[in-house]
Amino acid sequence: MNIAIFASGSGSNFEAIAKAIKRGNIKGQIVLLITDKEKAFARIRAKRLGIRDLYINPQDYQTRLDFDKAVIGILRKEKIELVALAGFMRIITPYFVRQYKYKIMNIHPAILPAFRGEHAIERAFAYGSKITGVTVHFVDEKIDHGPVILQEIVAIKKGMSLKQLTTAVHRLEHILYPRAIKLFTEKRLKIKGRHVKVC
Ligand code: GRF
(Lines give C-alpha, C1' and ligand atoms only; values in the text may rest on other atoms or scores of the structure.)
Protein backbone atom coordinates (compact mmCIF):
# COMPACT_ATOMS: atom_id res chain seq x y z
CA MET A 1 0.00 0.00 0.00
CA ASN A 2 1.30 3.44 -0.94
CA ILE A 3 1.37 5.85 1.99
CA ALA A 4 2.05 9.60 2.11
CA ILE A 5 2.95 11.27 5.38
CA PHE A 6 2.22 14.97 5.92
CA ALA A 7 4.24 16.80 8.56
CA SER A 8 5.13 20.38 9.45
CA GLY A 9 7.51 19.97 12.35
CA SER A 10 9.77 17.50 14.07
CA GLY A 11 8.44 14.40 12.35
CA SER A 12 8.96 11.92 15.19
CA ASN A 13 5.70 10.16 14.29
CA PHE A 14 6.78 10.01 10.67
CA GLU A 15 10.01 8.34 11.76
CA ALA A 16 8.18 5.89 14.05
CA ILE A 17 5.96 4.84 11.13
CA ALA A 18 8.95 4.56 8.78
CA LYS A 19 10.78 2.37 11.28
CA ALA A 20 7.77 0.11 11.81
CA ILE A 21 7.65 -0.36 8.04
CA LYS A 22 11.37 -1.12 7.92
CA ARG A 23 10.92 -3.77 10.62
CA GLY A 24 8.37 -5.40 8.32
CA ASN A 25 5.44 -4.70 10.64
CA ILE A 26 3.38 -2.89 8.04
CA LYS A 27 2.78 -4.02 4.50
CA GLY A 28 3.20 -0.72 2.76
CA GLN A 29 5.70 1.92 1.83
CA ILE A 30 6.02 5.61 2.51
CA VAL A 31 6.19 6.94 -1.02
CA LEU A 32 6.75 10.48 0.10
CA LEU A 33 6.77 12.98 2.91
CA ILE A 34 4.92 16.19 2.15
CA THR A 35 5.72 19.31 4.16
CA ASP A 36 4.42 22.86 4.10
CA LYS A 37 7.41 24.17 6.05
CA GLU A 38 10.74 24.48 4.35
CA LYS A 39 12.68 24.09 7.59
CA ALA A 40 10.68 21.20 9.05
CA PHE A 41 13.01 18.78 10.86
CA ALA A 42 10.89 16.00 9.36
CA ARG A 43 12.71 16.71 6.07
CA ILE A 44 16.07 15.92 7.65
CA ARG A 45 14.63 12.69 9.01
CA ALA A 46 13.37 11.87 5.50
CA LYS A 47 16.87 12.26 4.10
CA ARG A 48 18.31 10.03 6.82
CA LEU A 49 15.63 7.45 6.19
CA GLY A 50 16.04 7.58 2.43
CA ILE A 51 12.45 8.71 1.88
CA ARG A 52 11.54 11.22 -0.80
CA ASP A 53 10.36 14.51 0.62
CA LEU A 54 8.45 17.23 -1.06
CA TYR A 55 8.18 20.76 0.29
CA ILE A 56 5.17 22.60 -1.06
CA ASN A 57 5.20 26.33 -0.38
CA PRO A 58 1.68 27.51 0.54
CA GLN A 59 2.62 31.00 -0.72
CA ASP A 60 2.74 29.66 -4.24
CA TYR A 61 -1.05 29.16 -4.10
CA GLN A 62 -3.76 31.78 -3.85
CA THR A 63 -6.21 29.72 -1.83
CA ARG A 64 -6.25 26.67 0.40
CA LEU A 65 -8.24 24.91 -2.28
CA ASP A 66 -5.58 25.62 -4.91
CA PHE A 67 -2.93 24.22 -2.56
CA ASP A 68 -5.00 21.11 -1.84
CA LYS A 69 -5.77 20.55 -5.52
CA ALA A 70 -2.04 20.59 -6.28
CA VAL A 71 -1.46 18.13 -3.44
CA ILE A 72 -4.24 15.85 -4.65
CA GLY A 73 -2.69 15.87 -8.13
CA ILE A 74 0.55 14.58 -6.63
CA LEU A 75 -1.21 11.98 -4.50
CA ARG A 76 -3.10 10.64 -7.52
CA LYS A 77 0.06 10.52 -9.62
CA GLU A 78 1.84 8.56 -6.92
CA LYS A 79 -1.18 6.27 -6.41
CA ILE A 80 -1.38 7.09 -2.71
CA GLU A 81 -3.94 5.02 -0.85
CA LEU A 82 -3.42 6.39 2.65
CA VAL A 83 -2.56 9.86 3.86
CA ALA A 84 -1.23 10.06 7.42
CA LEU A 85 -1.20 13.54 8.94
CA ALA A 86 1.57 13.59 11.52
CA GLY A 87 1.88 17.04 13.00
CA PHE A 88 0.69 18.70 9.79
CA MET A 89 -0.27 22.18 10.98
CA ARG A 90 -2.28 23.19 7.95
CA ILE A 91 -6.05 22.83 7.86
CA ILE A 92 -7.10 20.73 4.91
CA THR A 93 -10.16 21.64 2.88
CA PRO A 94 -13.45 19.70 2.88
CA TYR A 95 -12.71 19.08 -0.82
CA PHE A 96 -9.52 17.19 0.08
CA VAL A 97 -11.38 15.25 2.79
CA ARG A 98 -14.08 14.21 0.32
CA GLN A 99 -11.54 13.16 -2.32
CA TYR A 100 -9.84 10.85 0.19
CA LYS A 101 -12.80 9.91 2.37
CA TYR A 102 -11.70 7.59 5.20
CA LYS A 103 -8.25 7.45 3.68
CA ILE A 104 -6.81 10.28 5.77
CA MET A 105 -5.71 9.68 9.36
CA ASN A 106 -4.55 12.06 12.03
CA ILE A 107 -2.94 11.69 15.43
CA HIS A 108 -3.83 13.93 18.33
CA PRO A 109 -2.03 14.07 21.68
CA ALA A 110 -5.15 13.89 23.88
CA ILE A 111 -8.26 11.82 24.39
CA LEU A 112 -10.65 13.40 21.90
CA PRO A 113 -13.03 15.17 22.14
CA ALA A 114 -11.04 16.65 25.04
CA PHE A 115 -8.38 19.24 24.24
CA ARG A 116 -8.95 19.57 20.52
CA GLY A 117 -6.60 21.97 18.76
CA GLU A 118 -3.05 22.99 19.48
CA HIS A 119 -0.96 22.49 22.64
CA ALA A 120 -3.19 19.67 23.86
CA ILE A 121 -0.57 18.16 26.19
CA GLU A 122 0.17 21.49 27.85
CA ARG A 123 -3.53 22.28 28.21
CA ALA A 124 -4.36 18.89 29.78
CA PHE A 125 -1.47 19.38 32.20
CA ALA A 126 -2.49 22.95 33.10
CA TYR A 127 -6.13 21.88 33.52
CA GLY A 128 -5.13 19.45 36.24
CA SER A 129 -6.48 16.42 34.39
CA LYS A 130 -5.61 13.09 35.98
CA ILE A 131 -5.48 11.40 32.62
CA THR A 132 -4.82 12.32 29.04
CA GLY A 133 -3.62 10.22 26.13
CA VAL A 134 -3.48 9.74 22.41
CA THR A 135 -6.12 9.45 19.70
CA VAL A 136 -5.67 8.22 16.14
CA HIS A 137 -8.71 9.05 14.04
CA PHE A 138 -9.96 9.36 10.50
CA VAL A 139 -10.14 12.92 9.30
CA ASP A 140 -13.50 14.48 8.55
CA GLU A 141 -14.46 18.04 7.75
CA LYS A 142 -14.07 19.30 11.33
CA ILE A 143 -10.76 19.68 13.12
CA ASP A 144 -9.73 16.79 15.44
CA HIS A 145 -13.17 15.28 15.06
CA GLY A 146 -13.47 12.24 12.76
CA PRO A 147 -14.17 8.60 13.76
CA VAL A 148 -11.78 7.29 16.42
CA ILE A 149 -9.56 4.40 15.37
CA LEU A 150 -7.40 3.89 18.45
CA GLN A 151 -7.29 5.70 21.74
CA GLU A 152 -5.16 5.05 24.80
CA ILE A 153 -4.67 6.74 28.11
CA VAL A 154 -1.61 8.23 29.78
CA ALA A 155 -2.01 8.79 33.53
CA ILE A 156 -0.85 12.18 34.81
CA LYS A 157 0.68 10.95 38.02
CA LYS A 158 1.27 13.06 41.11
CA GLY A 159 4.49 15.01 40.78
CA MET A 160 4.84 14.40 37.07
CA SER A 161 6.42 17.28 35.17
CA LEU A 162 5.12 18.60 31.87
CA LYS A 163 8.29 17.32 30.26
CA GLN A 164 7.72 13.81 31.60
CA LEU A 165 4.11 13.89 30.46
CA THR A 166 5.14 15.08 26.99
CA THR A 167 7.65 12.25 26.70
CA ALA A 168 5.06 9.69 27.81
CA VAL A 169 2.46 10.95 25.32
CA HIS A 170 4.94 10.94 22.43
CA ARG A 171 6.12 7.44 23.34
CA LEU A 172 2.52 6.23 23.16
CA GLU A 173 1.98 8.07 19.86
CA HIS A 174 4.91 6.22 18.34
CA ILE A 175 3.23 2.91 19.22
CA LEU A 176 -0.37 3.77 18.33
CA TYR A 177 0.15 5.43 14.94
CA PRO A 178 2.05 2.54 13.36
CA ARG A 179 -0.53 0.16 14.89
CA ALA A 180 -3.45 2.07 13.32
CA ILE A 181 -1.70 2.18 9.95
CA LYS A 182 -1.00 -1.54 10.13
CA LEU A 183 -4.71 -2.22 10.78
CA PHE A 184 -5.66 0.00 7.84
CA THR A 185 -3.24 -1.70 5.44
CA GLU A 186 -4.65 -5.06 6.51
CA LYS A 187 -8.16 -3.74 5.79
CA ARG A 188 -9.20 -4.49 9.35
CA LEU A 189 -10.94 -1.16 10.02
CA LYS A 190 -14.68 -1.11 9.36
CA ILE A 191 -16.37 2.27 9.65
CA LYS A 192 -19.99 2.75 10.54
CA GLY A 193 -20.91 6.35 11.25
CA ARG A 194 -18.62 7.52 14.02
CA HIS A 195 -17.70 4.00 14.99
CA VAL A 196 -14.59 2.22 13.78
CA LYS A 197 -14.62 -1.50 14.38
CA VAL A 198 -11.29 -3.32 14.44
CA CYS A 199 -11.83 -6.72 12.84
C1 GRF B 1 2.21 15.11 17.77
O2 GRF B 1 2.10 15.31 19.16
C3 GRF B 1 0.87 14.88 17.14
O4 GRF B 1 -0.02 14.24 17.99
C5 GRF B 1 0.40 16.28 16.85
O6 GRF B 1 1.56 16.97 16.45
C7 GRF B 1 2.70 16.36 17.06
C8 GRF B 1 3.67 16.05 15.96
O9 GRF B 1 4.88 15.58 16.46
N10 GRF B 1 -0.66 16.27 15.86
P11 GRF B 1 5.98 15.02 15.47
O12 GRF B 1 6.23 16.09 14.41
O13 GRF B 1 5.46 13.75 14.87
O14 GRF B 1 7.20 14.80 16.32
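Let us look at the structure shown here. (Residues numbered from 1 in each chain as written. Predicted model: local features only at pLDDT ≥ 70, side-chain atom pairs only at ≥ 80, totals over all residues. Heavy atoms only, no water.)

## Considering the overall build of the protein chain
Counting its regular elements, the protein chain contains six helices and nine strands. Along the first, second and third principal axes, the C-alpha atoms of the protein chain reach 50 × 40 × 35 Å. Here the protein chain, with 199 residues, has 49% of them falling under the buried criterion. A fraction of 64% describes how many contacts in the protein chain between residues 6 or more apart in sequence connect residues 24 or more apart. Roughly 10,500 Å² of accessible area belongs to the protein chain as shown, and the carbon and sulfur atoms make up 55% of that amount. Between the mean site of the 36 positive side-chain charges and the mean site of the 17 negative ones, the protein chain shows a separation of 6 Å. (Helix = DSSP H or I, 4+ residues; strand = E, 2+ residues; numbered from the N terminus. Buried < 20%, exposed > 50% of the residue type's maximum accessible area, 1.4 Å probe, protein only. Contact = heavy atoms within 4.5 Å. Areas by Shrake-Rupley, 256 points an atom, 1.4 Å probe, with all protein chains shown as cover. Lys, Arg positive; Asp, Glu negative; His and termini not counted. Charge placed at Lys NZ, Arg CZ, Asp CG, Glu CD.)

## So, the site of the ligand
Taken together, Ser-10, Gly-11, Ser-12, Asn-13, Gly-87, Ile-107, His-108, Pro-109, His-170 and Glu-173 make up the full set of residues adjacent to the ligand. Measuring from an oxygen atom of the ligand, one finds a backbone N or O atom of Gly-11 at 2.7 Å. The separation between an oxygen atom of the ligand and a polar side-chain atom of Ser-12 is 2.5 Å. At the level of secondary structure, the elements contributing two or more residues to the shell around the ligand comprise α1 (12-22), β5 (104-108) and α6 (162-185). Looking at side-chain class alone, the shell around the ligand contains two nonpolar, seven polar and one charged residues. (Near = heavy atom within 4 Å. Polar contact = N/O pair within 3.5 Å; in protein donor to acceptor, adjacent residues only side chain to side chain. Nonpolar A, V, L, I, M, F, W, Y, C, P; charged D, E, K, R; others polar.)

## A few points about the packing of α1 against α6
Between α1 and α6, whose axes approach to 9 Å, the crossing angle comes to 55°. It follows that α1 is oblique to α6 by the angle criterion. When you trace α1 past α6, the crossing you get is right-handed. Between α1 and α6, the contacting residues are Ser-12, Asn-13, Ala-16, Ile-17 and Ala-20 on the first element and Glu-173, His-174, Tyr-177, Pro-178 and Ile-181 on the second. (Axes fitted to C-alpha atoms, helices over the stretch in contact; angles between N-to-C directions. Parallel < 35°, antiparallel > 145°, perpendicular 65-115°, else oblique. Left-handed = near helix turned anticlockwise from the far one by under 90°.)

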